[in-house]
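# Structural description and commentary
Residue strings, one per chain:
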Amino acid sequence: MSTEAPPPSKATEHRLPSTEEFVEVQNSAEFGELRRSYRSFAFPLTVGFIAWYLLYVLLSNYAGGFMGTELFGNINVAFVLGVAQFATTFLIAWWYSRHAAAKLDPRAEAIKSRMEAGA
């Protein structure tokens, strides 16, 4: 008994683009717009999150009195900001997922389909 899958049928097989086609698409305005859309979303969020994280680290190291301030019960500023780090991470991931599904994926799929079709 063979464990190998049968080769894909010719109907579902896609043509592989040539190196020249990849370079042509990379230099196209459509691909440039896709790249700009990604960068204009990802880079500012990355810089913002790193700044937010470093603020938390710096406050933890140099503002112990502030971070130890109790807000209610045994909950202090450090705990609230630490939990906010996790919340921010998940929020950014969710936001990026929505952005990619709405703006990036359709453009990328259109480019991929054209390249595989040879257009």
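Residues numbered from 1 in each chain as written. Predicted model: local features only at pLDDT ≥ 70, side-chain atom pairs only at ≥ 80, totals over all residues. Heavy atoms only, no water.

The full count for this structure, using the stated rule, is three aromatic pairs. When the centroid spacing of 6.4 Å and the interplanar angle of 85° are considered together, the rings of Tyr-38 and Tyr-96 count as edge-to-face. In this pair, Tyr-38 is assigned in helix α2 (residues 29–62) and Tyr-96 in helix α4 (residues 77–117), connecting sequence segments 58 residues apart. When its relative accessible area of 32% is taken as the criterion, Tyr-96 is described as partly exposed. Among the aromatic residues, ring-to-ring pairing joins Tyr-38, Phe-41, Trp-95 and Tyr-96 into one connected group. (Phe/Tyr/Trp six-rings, centres within 6.5 Å; stacked < 30°, edge-to-face > 60°. Helix = DSSP H or I, 4+ residues; strand = E, 2+ residues; numbered from the N terminus. Buried < 20%, exposed > 50% of the residue type's maximum accessible area, 1.4 Å probe, protein only.)

Moving on to the confidence of the model for the protein chain. Across the protein chain, pLDDT averages 88, with 90% of residues at or above 70. Confidence, expressed as mean pLDDT per element, reaches its minimum in the protein chain at helix α1 (residues 19–26) with 86 and its maximum at α2 with 95. (pLDDT = per-residue confidence, 0-100.)

Grouped together as the largest cluster of nonpolar side chains are six residues: Val-25, Leu-34, Ala-100, Leu-104, Ile-111 and Met-115. Looking at this core, the element that brings in the most residues is α4, giving four residues. Setting aside its immediate chain neighbours within four residues, Leu-104 contacts Leu-34, Ser-37, Tyr-38, Tyr-96 and His-99. (Core = buried A, V, L, I, M, F, W, Y, C linked by side-chain atoms within 4.5 Å. Contact = heavy atoms within 4.5 Å.)

What follows covers the pattern of salt bridges. Scanning the model with the defined rule gives four salt bridges in all. Between Arg-36 and Glu-33 there is a salt bridge, and its shortest N-O distance comes to 3.3 Å. Here Arg-36 and its partner Glu-33 are both found in helix α2, three residues apart, which amounts to about one turn of the helix. For Glu-33, a relative accessible area of 33% gives the class partly exposed. Across the pair Lys-112 and Glu-116 runs a salt bridge whose closest N-O atoms are separated by 4.0 Å. Here Glu-116 and Lys-112 lie together in helix α4, a separation of four residues that amounts to about one turn. Residue class for Lys-112 comes out partly exposed when judged on its relative accessible area of 42%. What makes Glu-116 partly exposed here is its relative accessible area of 23%. Within this structure, Glu-33, Arg-36 and Arg-107 form a network of salt bridges that share partners. (Salt bridge = Lys/Arg side-chain N within 4 Å of Asp/Glu carboxyl O.)

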